[in-house]
Amino acid sequence: MTLLSLQGVTRRFGGLVAVDAIDLEVAQGGVTAVIGPNGAGKTTLFNMISGFQTPNAGRIMFAGQDITARPPEEIAASGLIRTFQLVQLFQNLSVLENIQVGCHLHTKGGVLSALMRTGSTRQTEREVESRALELLDFVGLEGAAEAEATALAYGQQRLLEIARALAAKPKLLLLDEPAAGLSADESKRLSAAIRAIAGRGTTVLLIEHDMKLVMNTADTIAVLDFGRKIAEGPPATVRENPAVIAAYLGVGDA
Amino acid sequence: MRRGLAALPWAVACAMLAYAFITGGYFVTIMSFAMIYAVFIIGLNVFMGFAGQVSFGHNAFAALSGYTSAVLTATYYWEPLAAFAVGLGLALLVALVVGWPTLRLKGHYLAMATLAIGLIVYEIAIQWQSVTQGYMGISGIAPLGIGGYEIVSERGKLFALMVFVLLAAFAAARLRASRFGRALAAIAGSEDAARALGINVPHYKLAAFLVSAAYAALAGSLFVHVVEFVSPEVFGLHMVVLAFTMLYVGGIGTIGGPILGAVIVSLLPEVFRGLKDYQDLFYGAGLILLLIYAPKGLAGLGNLMSRGGKA
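This is a predicted model, so every value here is computed, not measured.

Caption draft 1: Quick look at the overall build of chain A. Helix and strand counts for chain A stand at 10 helices and 10 strands. Computed over its C-alpha atoms, the radius of gyration of chain A comes to 19 Å, within 12% of the 18 Å expected for a compact globule of 254 residues. With respect to the three principal axes, the spread of C-alpha positions in chain A is 65 × 40 × 35 Å. For chain A, buried positions account for 46% of its 254 residues. For chain A, the share of sequence-separated contacts (at least 6 apart) that also reach a separation of at least 24 residues comes to 66%.

Caption draft 2: Structural detail: the overall build of chain B. Helix and strand counts for chain B come out as 14 helices and 4 strands. Relative to the compact-globule value of 19 Å for 311 residues, chain B shows a C-alpha radius of gyration of 19 Å, a close match. In terms of principal-axis extent, the alpha carbons of chain B reach across some 60 × 50 × 40 Å. Counting every position in chain B, which comprises 311 residues, the buried fraction comes to 48%. Excluding contacts between residues fewer than 6 apart, the proportion of contacts in chain B whose partners are at least 24 apart in sequence is 75%.

Caption draft 3: Region of interest: the interface of chain A and chain B. Contacts between the two partners involve 29 residues from chain A and, on the opposite side, 25 residues from chain B. Breaking the side of chain A that touches chain B down by element, the ones donating at least two residues are α2 (72-77), β6 (80-82), α3 (95-102) and α4 (111-116) of chain A. Residue composition of the side of chain A that touches chain B, grouped by class: 15 nonpolar, 10 polar and 4 charged.

Caption draft 4: Representation of the sheet that holds strand β4 (residues 57-62) of chain A within the structure. Residue and element names in this part refer to chain A. Reading across from one edge, β2-β1-β4-β5 is the order of the 4 strands in this open sheet, with antiparallel pairing throughout. The open sheet has two edge strands with one neighbour each: β2 (16-27) and β5 (65-66). Relative to β4, strand β1 (residues 2-13) is paired through 5 bridges, and the arrangement is antiparallel. Residue pairing across strands places Ser5 opposite Met61, the latter belonging to β4. Packing against the sheet, helix α1 (residues 42-49) makes contact with β1, β2 and β4, and its axis sits at approximately 60° to β2.

Caption draft 5: Geometry of the pairing of β2 of chain A. Sheet topology places β1 of chain A next to β2 of chain A; 8 bridges connect them, and they run antiparallel. Along β2 of chain A, the bridge assignment pairs Arg11 of chain A with Val19 of chain A.

Caption draft 6: Spatial organisation of the sheet that holds strand β10 (residues 228-233) of chain A. All names here are of chain A. The mixed open sheet is built from 6 strands, whose spatial order is β6-β7-β8-β3-β9-β10. Only two strands of the sheet have a single neighbouring strand rather than two, namely β6 and β10. Direction aside, neighbouring strands of the sheet carry axes that sit 15° apart on average. Where strand β3 (residues 31-35) lies against strand β8 (residues 203-207), 4 bridges are found, and the strand directions are parallel. In the sheet register, Val31 faces β8, and the bridge partner there is Val204. Its contacts with the sheet place α1 against β3, β6, β7 (172-176), β8 and β9 (220-225), and it is angled at close to 145° to β7.

Caption draft 7: Region of interest: the environment of Val230 of chain B. Residue and element names in this part refer to chain B. With respect to the helices, strands and loops of the structure, Val230 is situated in strand β4 (residues 229-230). C-alpha separation for the pair Val230 and Met136, spaced 94 residues apart in sequence, amounts to 8.8 Å. When residues no more than four places from it in sequence are discounted, the contact partners of Val230 are Gly66, Tyr67, Ala70, Gly137, Ile138, Ile141 and Val224.

Caption draft 8: Seen up close, the nonpolar core. Residues and elements named next belong to chain B. Grouped together as the largest cluster of nonpolar side chains are 177 residues, with contacts concentrated most on Val39 and Phe40. With 18 residues, helix α10 (residues 201-227) is the single largest residue contributor to this core. In contact with Val39, other than residues within four places in its own chain, are Phe164, Val165, Ala168, Tyr215, Leu218, Ala219 and Leu222.

Caption draft 9: Examining the confidence of the model for chain B more closely. All names here are of chain B. On average, residues of chain B score 89 in pLDDT, and 95% of them are at 70 or above. Of the regions scoring below 50 in pLDDT, residues 305-311 engages in 4 contacts with residues more than four places distant in sequence or in other chains. If you check the scores for this complex, the pTM reads 0.91 and the ipTM reads 0.91.

Caption draft 10: Layout of α10 of chain B. Residues and elements named next belong to chain B. Over its 27 residues, α10 extends 39 Å from the first C-alpha to the last, a length consistent with the 39 Å expected when each residue adds 1.5 Å. Along α10, 23 of the 27 residues are buried, which leaves the element largely enclosed by surrounding structure. One or two steps after α10, the chain reaches Glu228, where phi turns positive at roughly 60°.

Caption draft 11: Here's a closer look at the packing of helix α7 (residues 154-176) of chain B against α10 of chain B. Residues and elements named next belong to chain B. Where α7 contacts α10, the two axes come as close as 12 Å, and the packing angle between them is 175°. Taken together, the axis directions place α7 and α10 in an arrangement best described as roughly antiparallel. Along the contact surface, α7 presents Lys157, Leu161, Phe164 and Ala168, while α10 presents Tyr215, Leu222 and Val226. Partitioning the contact of α7 with α10 into residue classes produces 6 nonpolar, no polar and 1 charged.

Caption draft 12: Broad picture of the packing of helix α2 (residues 26-50) of chain B against helix α11 (residues 237-250) of chain B. All names here are of chain B. Two elements in contact, α2 and α11, have axes separated by 10 Å at closest approach and are oriented at 75°. The pairing of α2 with α11 is recorded here as roughly perpendicular in orientation. Contacts between α2 and α11 involve Tyr37, Phe40, Ile41, Leu44, Asn45 and Met48 from the first element and Leu242, Ala243, Met246 and Leu247 from the second. Class assignment of the residues belonging to the contact of α2 with α11 gives a composition of 9 nonpolar, 1 polar and no charged.

Cut-offs applied
Think of each chain on its own: its residues are numbered from 1, step by step along the sequence as written. Each chain gets a letter, beginning with A, and each ligand a number, beginning with 1, in the order they are written. Two thresholds apply to this predicted model, a pLDDT of at least 70 for residue-level local features and 80 or more for giving and counting side-chain atom pairs, whereas whole-chain, interface and lining totals are computed over all residues. Numbering of helices and strands runs from the N terminus, with a helix taken as a DSSP run of H or I at least four residues long and a strand as a DSSP run of E at least two residues long. For a compact globule the rule gives 2.2 Å times the number of residues to the power 0.38, and the radius of gyration it is set against comes from C-alpha atoms. Exposure is read from a count of other C-beta atoms within 10 Å of each residue's own; the residue is exposed at 12 or fewer, buried at 20 or more and partly exposed in between. C-beta atoms are placed from the backbone. Contact definition: two residues whose C-beta atoms, as placed from backbone geometry, lie within 7 Å. In the scheme used here, Gly and all other residues not listed as nonpolar or charged are polar, with Ala, Val, Leu, Ile, Met, Phe, Trp, Tyr, Cys and Pro taken as nonpolar and Asp, Glu, Lys and Arg as charged. By this definition, two strands are paired if DSSP reports at least two bridges between them. To get an axis, fit a line to the C-alpha atoms, keeping to the stretch in contact for a helix; angles then go from 0 to 180 degrees between the N-to-C directions. Put simply, a nonpolar core is buried Ala, Val, Leu, Ile, Met, Phe, Trp, Tyr and Cys residues tied into one set by C-beta atoms within 7 Å. For every residue, the pLDDT score states the predictor's confidence, bounded by 0 at the bottom and 100 at the top. To estimate the expected span of a helix, count its residues, drop one, and scale the result by 1.5 Å. Oblique is the label for any angle not under 35 degrees, not over 145, and not in the 65 to 115 range, which are roughly parallel, roughly antiparallel and roughly perpendicular in turn.

Right under this line is the structure:
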């Protein structure tokens, strides 16, 4: 079953066509990767899927709904949760509280419930806390619950951002270059974490530069170059594709 | 050492409040004003500290409610509580009308819009003489009280104000430690990341704006009932400057900071009074040093030492 489907999605910046009539299907389950050289339009594509940028043309369908040009918070509420290329943690909150924010969509309560703090509010708070602790454990940060988010090492901050996204119980998790700035060792652990997320039933779509991570992690790969999709398929096929090799090594006419 | 440093401002603040009760007189007035400002800043902190926004216009909400309380009790002999209910409603209504369009704006635009509302309300207080009596101000306002029981003694008023401050801080602490408070902190940290997790940013900014306007309204009404007089200057731009100073000195974003800031900053002019002509110079220099060496304010002094040790 198709979870996410893009039809002719296009984005222009002045005369530059950043994303050029892209069609993409992401099936339910597993890990799909979008790769491509710098400036290939990957991040623009992600921003359009998650509602941070509006396509000039084309349609984006998610879980049977048309989400084209809907605002990010509505797209998030429909079960599509993204992370950012530059980690965007809430610096003024502890590690645990960062994950608790991720539970926002699945809890209720505003000013009044905060002031009254009734039995049911306290019960929800306990559930949110235990869920956050569980996710902290899942990404291997169990010792750091009370630390300030910014006190974590960079690789840990990445894992925290992923745990926070998982707290929102996404149907589809979008990871924007999750391995950027990670050591080889950290990258390997990240790959295992992504497989584990897919194993728990969450579909993952990731943008990545780190070819090793992508080849080891993704079930399906789509390759972008100059805003166009030039190849798509399982890692073994994509690796051998002459157009992909040309785009990455810059030989011949791609 | 660290714990001692963290406790020092609290010790000073408590000592000053106790001293006010013992000596009475002028010092009680200073501490009473500090408590009224504390209520105002605890609210401002919800919008500026928790949600990370800027407002130069919350004096408008204090003025709206303060003048409503003044006019309804002095001219129409209403009960203070009923008058405050109307003042609060009016302040929230204006906050809603101003906040709804402007809170979709970011940063400077919002700050400018709030500055404008503060100035507009100030002008109205001066010009609408048939109701506000302009610069003359309104006197004969009912003292702080409820259902025929009035607090007349200065010490009694100070005690009542301290209870208000504790309740206000308690409410702020509950707000902070909730889903609502976390959403505000998320917005302060990164609006994009907050939206990506499904937080409706304008909605939460507006809610924080209204909560802080309610605190400002309470502070405004408390002021007129404690002083039993009001004029436009009371809620002028200097109120904004003083509130900002107190908020940053005490520790923006903290729970106790607004109280510390209100008490300590209220004392500074008294401390430096002996320096005569150099008073403002030392006052200014003291504030600058504090902001450089304790960016999280007096409430963050304890963490300051631990951070120095870790780095």
